[in-house]
Amino acid sequence: MTDRAHAVVDRAQVAAARVVDRVTLDLDARRKRRHVVTTTGGRRLLVDLASVPQLANGDALALDDGGLVVVDAEPEALVEVTTEDPQHFAVVAWHLGNRHLPVQFGGDRLRLRRDHVIEAMLVRLGARLVPVDAPFDPEPGAYDHGPDDHKPGDHSNAGGHAHGHG
């Protein structure tokens, strides 16, 4: 039997008494609207959401029976980026944003998925890089649809974007 998850519960709203299981997902799986996953406890779970989620570490999937399955972000191969000062940090962050890469901000450091081309660019920019395996929770993009903003058939940001690069 497959359970069905129909909604997302923000981690701040997760009631421990309702938690029935956990599931570990990488970033790509935490951005899928409809797919089948296997929980830590071995149950098959159909994730069947109305819109593409932005599941963060600790959020939960609400089951049809009222139970919750907590989502744990799976550690991924990332690179942690630091710089010499705030000005340099802003330049490095601008270059990453200009390439529309998912980036996790953490105080004076950035995390992004390993990519030898991007890493070479960052080294040329003078950034310091340290490979890490860690959960990846990047900043949602400014053009990402919120749960109430998505309209069926609206693919205005799929495969492209409607803004200029200066």
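Placed above this text is the structure.
Structure report, in brief. Fair warning: this is a prediction, and the values are worked out from it, not measured in the lab.

Thresholds applied
Residues numbered from 1 in each chain as written. Predicted model: local features only at pLDDT ≥ 70, side-chain atom pairs only at ≥ 80, totals over all residues. Heavy atoms only, no water. Helix = DSSP H or I, 4+ residues; strand = E, 2+ residues; numbered from the N terminus. Areas by Shrake-Rupley, 256 points an atom, 1.4 Å probe, with all protein chains shown as cover. Pairing = 2+ DSSP bridges. Salt bridge = Lys/Arg side-chain N within 4 Å of Asp/Glu carboxyl O. Buried < 20%, exposed > 50% of the residue type's maximum accessible area, 1.4 Å probe, protein only. Axes fitted to C-alpha atoms, helices over the stretch in contact; angles between N-to-C directions. Contact = heavy atoms within 4.5 Å.

Remarks on the overall build of the protein
- Counting its regular elements, the protein contains two helices and 10 strands.
- Moving toward the C terminus, one meets the helices and strands of the protein in the order β-β-β-β-β-β-β-α-β-β-α-β.
- With the model as given, the accessible surface of the protein reaches about 9,700 Å², and the carbon-plus-sulfur share is 52%.

Quick look at the pairing of strand 9 (residues 109-113)
- In the sheet, strand 7 (residues 75-82) pairs with strand 9 via four bridges, with the strands oriented antiparallel. Bridging across to strand 9, Leu 78 finds its partner in Arg 113.
- Where strand 8 (residues 104-106) lies against strand 9, three bridges are found, and the strand directions are antiparallel. In the sheet register, Gln 104 faces strand 9, and the bridge partner there is Arg 111.
- Counting the residues that bridge the hairpin from strand 8 to strand 9 gives two residues, and of these Gly 107 lies at a positive phi of roughly 65°.

Here's the deal with the pattern of salt bridges
- Summed over all chains, the structure comprises 13 salt bridges.
- Between Arg 30 and Asp 137 there is a salt bridge, and its shortest N-O distance comes to 2.7 Å. Linking Arg 30 in the loop between strand 2 (19-25) and strand 3 (34-38) with Asp 137 in the segment after strand 10 (128-135), this pair joins segments that are 107 residues apart in sequence.
- Arg 30 sits in the buried class, given a relative accessible area of 0%.
- Note on Asp 137: relative accessible area 22%, which makes it partly exposed.
- Between Arg 113 and Glu 76 there is a salt bridge, and its shortest N-O distance comes to 2.9 Å. Of this pair, Arg 113 sits in strand 9 while Glu 76 sits in strand 7; the two residues are 37 residues apart in sequence, bridging distant segments of the chain.

Brief notes about the sheet that holds strand 7
- Strand order in the open sheet made by the four strands is 8-9-7-10, with antiparallel pairing throughout. The open sheet has two free edges, formed respectively by strand 8 and strand 10, since each of these has just one partner strand. The sheet shows a mean angle of 30° between the axes of neighbouring strands, direction not considered.
- Sheet analysis places strand 7 next to strand 10, joined by eight bridges and oriented antiparallel. If you follow Val 81 over to strand 10, its bridge partner there is Leu 129.
- In this fold helix 1 (residues 86-98) packs onto strand 7, strand 8 and strand 9, with an angle of close to 25° to the strand it touches most, strand 9.
- Sitting on the sheet, helix 2 (residues 116-124) touches strand 7, strand 9 and strand 10, and the angle it makes with strand 10 is about 140°.

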